[in-house]
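Residues per chain are reported as follows:
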Amino acid sequence: MSDAPTLDPQQLRAWLNGAAQRDAAAFRSLYDATSAKLFGFALRILGKRELAEEVMQESFVAIWHNAGSYQSHLAAPMTWMTTIVRNKAFDLLRRSDVAAEIDGDPFDAAIMDALHDPAATPIEALELSRDATALAYCMSVLEGAQRQVLGLAFFHDLSHSEVAQQMALPIGTVKTWIRRSLEKLKACLTKGARP
C-alpha cells in the first residue's frame, strides 16, 4: 500500500482512467493506494469504525461507477474521491440517528492534505496551512454549542432545519447562533488571530 504523502496525482488519474475503462487491476491499485487515507477521513467524520467501513464500501462502488465522469481539470483525484467519501458519510448521518462529532480538531493534517490539490506550490500549501490554523483557532474560541451548530452547518453541510433537528433547538436559535458565530469568526480572522 502506498504511503499517503507520496500519492502521485498523475498515477491516480491513470488508475481512475483505467477504472473508467472497467480495468479491475487499475481499480485495485487505486483502492490500495488511497483507501487508508480515505478511511481515515470517513472515520474522522463518523467516529465509528463500522460506519466508516460502510461508507468506504459505498464510496468505492461510486468511484468505480463514476470514474468515467472524473474531470481532471476540475479537481485533483484525491479531492474528487474525498468529496465522494464526504458526501456518502453525510448521507449516512442524515439517514441515521448517528451524532456527528465536530468538537474534535477538523483541521487534521491528513484531511487538509486530502482536500487540497497535491500539485499546489509550497507557497500555496503554506497559505492553506496558515488559513486552516487561524480558522481552527477562531473556531476554538466559540462557545461549545455555537461551535457545534456552525460545524454542522458548514463542515457537515446540513441545512438550518437539519441542524435544528439534530441539536433539538428552535430554528430561530440556530439561525441566530450561526449569524453571531460567523460575525465572531470574521472579527477573529480579521485580527489575524493566531494560537
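Below or above, wherever it landed, is the structure these notes cover. Computed from a prediction, not measured in an experiment: that's the story for all the values here. (Residues numbered from 1 in each chain as written. Predicted model: local features only at pLDDT ≥ 70, side-chain atom pairs only at ≥ 80, totals over all residues. Heavy atoms only, no water.)

### A word on the pattern of salt bridges
To keep it simple, the criterion reads: Take a side-chain nitrogen of Lys or Arg and a carboxyl oxygen of Asp or Glu: if they are within 4 Å of each other, that pair is a salt bridge. In DSSP terms, a helix is any run of H or I states spanning at least four residues, a strand is any run of E spanning at least two, and both are numbered starting from the N terminus.
Under the defined criterion, the tally for this structure stands at two salt bridges. Across the salt bridge formed by Asp 32 and Arg 28, the nearest N and O atoms sit 3.2 Å from each other. Of this pair, Asp 32 and Arg 28 both sit in helix H2 (residues 24-46), four residues apart, roughly one helical turn. One salt bridge connects Arg 49 with Glu 53, and the closest N-O pair in it is separated by 3.5 Å. You can see Arg 49 and its partner Glu 53 sitting in helix H3 (residues 49-66), four residues apart, about one turn around the helix.

### Here we look at the side chain of Ser 181
Defined as follows: Throughout this description, buried means an accessible area under 20% of the type-specific maximum (1.4 Å probe, protein chains only), exposed means over 50%, and partly exposed covers the range between. Under the rule applied, a polar contact is a pair of N or O atoms within 3.5 Å (in protein, one hydrogen donor and one hydrogen acceptor; residues adjacent in sequence only if both atoms are side-chain atoms). It only takes one pair of heavy atoms within 4.5 Å for two residues to be counted as in contact.
Within the secondary structure layout, Ser 181 lies in helix H9 (residues 171-190). Given a relative accessible area of 0%, Ser 181 falls into the buried group. Among the polar contacts listed, one links the side chain of Ser 181 to the backbone oxygen of Trp 177, at a separation of 2.7 Å. Those residues within four positions of Ser 181 in sequence are excluded, and the remaining contacts are Leu 142, Gln 146 and Leu 150.

### Some words on the packing of H2 against helix H4 (residues 77-95)
A pair of packed helices can be characterised by two numbers: the angle between their axes and the separation between those axes. What counts here: As a rule, the C-alpha atoms of each element are fitted with a line to give its axis, helices using only the stretch in contact, and angles between N-to-C directions run from 0 to 180 degrees. Oblique is the label for every angle not falling under 35 degrees (roughly parallel), over 145 degrees (roughly antiparallel), or within 65 to 115 degrees (roughly perpendicular). Less than a right angle of anticlockwise turn of the near helix away from the far helix marks a crossing as left-handed, whereas a clockwise turn marks it as right-handed.
Packing of H2 against H4 leaves a shortest axis separation of 10 Å and a crossing angle of 40°. Taken together, the axes of H2 and H4 lie oblique to each other. Where H2 crosses over H4, the two elements pack in a sense that is right-handed. Mapping the contact onto sequence places Leu 30, Thr 34, Lys 37, Leu 38, Phe 41, Ala 42, Ile 45 and Leu 46 in H2 and Met 78, Met 81, Thr 82, Val 85, Arg 86, Ala 89, Phe 90, Leu 92 and Leu 93 in H4.

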